[in-house]
Amino acid sequence: MENNRKMKDFLSSIVLLALSFFVLFESWRIYQKAGKLLYLSPALIPLMLGGILLLLSLVLLLESLKGGGAGARVEEMKAVFRDLKKDPNSFRMLVGVVLMGVYTFVLLGLLPFWLATFLFMLLLMYFLEAGSLVQIVSVSVLVTALIIILFQVCFRVPLP
């Protein structure tokens, strides 16, 4: 049980380290664009939070490496991912998360909102075998239209 926690801490610390570097990088870009002194810049708080996140991520990483090192944690993660591939529910969950990431970080940047949302709904429901192809296409069109009508027309919220 302790090693499982250490493996999760190791994985979490790697993700949090990446996030902290991203926050620090983007904060520095904000600071450069603002052209103000650092203590007057809108980047001050994000820089401080990114630094704190970086420090705490390093503490978590070092704590997770006790009792086996990075090699042991990587082997534990490999074993978990092998088990994840065998369990169909876990695999579906993982593919769903990947599809959400592709929708958020790729499709919304490349395609109009309505098309990206339609494709995401279509792919996710097809992968989850949510019905016949006609039902999946119908629901995807309906949900996309309802999102646009509700948010853009009724609430007047600009969609990406």
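Relevant structure appears above.
All values reported here derive from a predicted model rather than from experimental measurement. (Residues numbered from 1 in each chain as written. Predicted model: local features only at pLDDT ≥ 70, side-chain atom pairs only at ≥ 80, totals over all residues. Heavy atoms only, no water.)

## Things to note about the environment of Leu 38
And step 1. Tracing the backbone shows Leu 38 in the loop between helix H1 (2-34) and helix H2 (44-65).
And step 2. Among the residues examined, Leu 38 registers a relative accessible area of 34% and is labelled partly exposed.
And step 3. With 24 residues separating them in the primary sequence, Leu 38 and Ile 14 have C-alpha atoms 28 Å apart.
And step 4. With sequence-adjacent residues up to four places away left out, Leu 38 is seen in contact with Tyr 31, Leu 44 and Leu 47. (Helix = DSSP H or I, 4+ residues; strand = E, 2+ residues; numbered from the N terminus. Buried < 20%, exposed > 50% of the residue type's maximum accessible area, 1.4 Å probe, protein only. Contact = heavy atoms within 4.5 Å.)

## Remarks on helix H6 (residues 133-154)
A turn of α-helix holds 3.6 residues, and therefore any two residues three or four places apart point the same way.
And step 1. Between its first and last C-alpha atoms H6 spans 30 Å; for 22 residues at 1.5 Å apiece the expected length is 32 Å, and the two agree.
And step 2. Residues of H6 that are buried include every one of Ile 136, Ser 140 and Thr 144, and no others. Along the long axis of H6, the arc covered by the buried residues comes to 60 degrees, so they all point the same way. Turned more than 90 degrees off the buried face of H6, the exposed positions are Val 134, Leu 142 and Val 153. (Expected span 1.5 Å × (residues − 1). Arc of directions from axis to C-beta.)

## With respect to the packing of helix H5 (residues 113-127) against H6
And step 1. Two elements in contact, H5 and H6, have axes separated by 9 Å at closest approach and are oriented at 145 degrees. The two elements H5 and H6 meet at a crossing, and its hand is right-handed. Between H5 and H6, the contacting residues are Phe 113, Trp 114, Thr 117, Phe 118, Met 121, Leu 122, Met 125 and Tyr 126 on the first element and Leu 133, Gln 135, Ile 136, Val 137, Val 139, Ser 140, Val 141, Val 143, Thr 144, Ile 147 and Ile 148 on the second.
And step 2. Within the contact of H5 with H6, the residues separate by chemical class into 15 nonpolar, four polar and no charged. (Axes fitted to C-alpha atoms, helices over the stretch in contact; angles between N-to-C directions. Left-handed = near helix turned anticlockwise from the far one by under 90°. Nonpolar A, V, L, I, M, F, W, Y, C, P; charged D, E, K, R; others polar.)

## Structural notes on the packing of helix H4 (residues 88-110) against H5
And step 1. For the pair H4 and H5, interaxial distance at closest approach is 10 Å and the crossing angle is 170 degrees. The pairing of H4 with H5 is recorded here as roughly antiparallel in orientation. When H4 is examined against H5, the residues Phe 91, Arg 92, Val 95, Gly 96, Leu 99, Met 100, Tyr 103, Leu 107 and Leu 108 are found in contact with a partner set consisting of Phe 113, Ala 116, Thr 117, Phe 120, Leu 123, Leu 124 and Phe 127.
And step 2. Across the contact of H4 with H5, the residue classes break down as 13 nonpolar, two polar and one charged. (Parallel < 35°, antiparallel > 145°, perpendicular 65-115°, else oblique.)

## Describing helix H3 (residues 69-86)
And step 1. For H3, with 18 residues, the first-to-last C-alpha span of 27 Å sits near the 26 Å given by 1.5 Å per residue.
And step 2. All of the buried residues in H3 are Arg 73, Glu 76, Met 77 and Leu 84. The buried residues of H3 all sit within an arc of 100 degrees when viewed along its axis, so they share a single face. More than 90 degrees from the buried face of H3, the exposed residues found are Lys 85 and Lys 86.

## Thoughts on the nonpolar core
And step 1. Among the nonpolar cores identified, the biggest contains 11 residues, and these are Val 95, Leu 99, Tyr 103, Leu 107, Phe 113, Ala 116, Phe 120, Met 121, Leu 124, Met 125 and Ile 136.
And step 2. Elements supplying a minimum of two residues to this core: H4 and H5.
And step 3. If one sorts the elements of this core by residue count, H5 sits on top with six residues.
And step 4. Beyond its immediate sequence surroundings of up to four residues, Met 125 is in contact with Ala 130, Gln 135, Ile 136, Val 139 and Ser 140.
And step 5. Met 7, Leu 54, Leu 61 and Met 77 belong to the second largest nonpolar core, which has six residues in total. (Core = buried A, V, L, I, M, F, W, Y, C linked by side-chain atoms within 4.5 Å.)

## Section: unusual backbone geometry
And step 1. Not every positive phi belongs to a glycine, and Glu 129 is a case in point at roughly 55 degrees.
And step 2. In this fold, Glu 129 is placed in the loop between H5 and H6.
And step 3. Backbone geometry at Arg 156 places phi at a positive 55 degrees, although glycine is not the residue there.
And step 4. Residue classification places Arg 156 among the exposed positions, given a relative accessible area of 72%.

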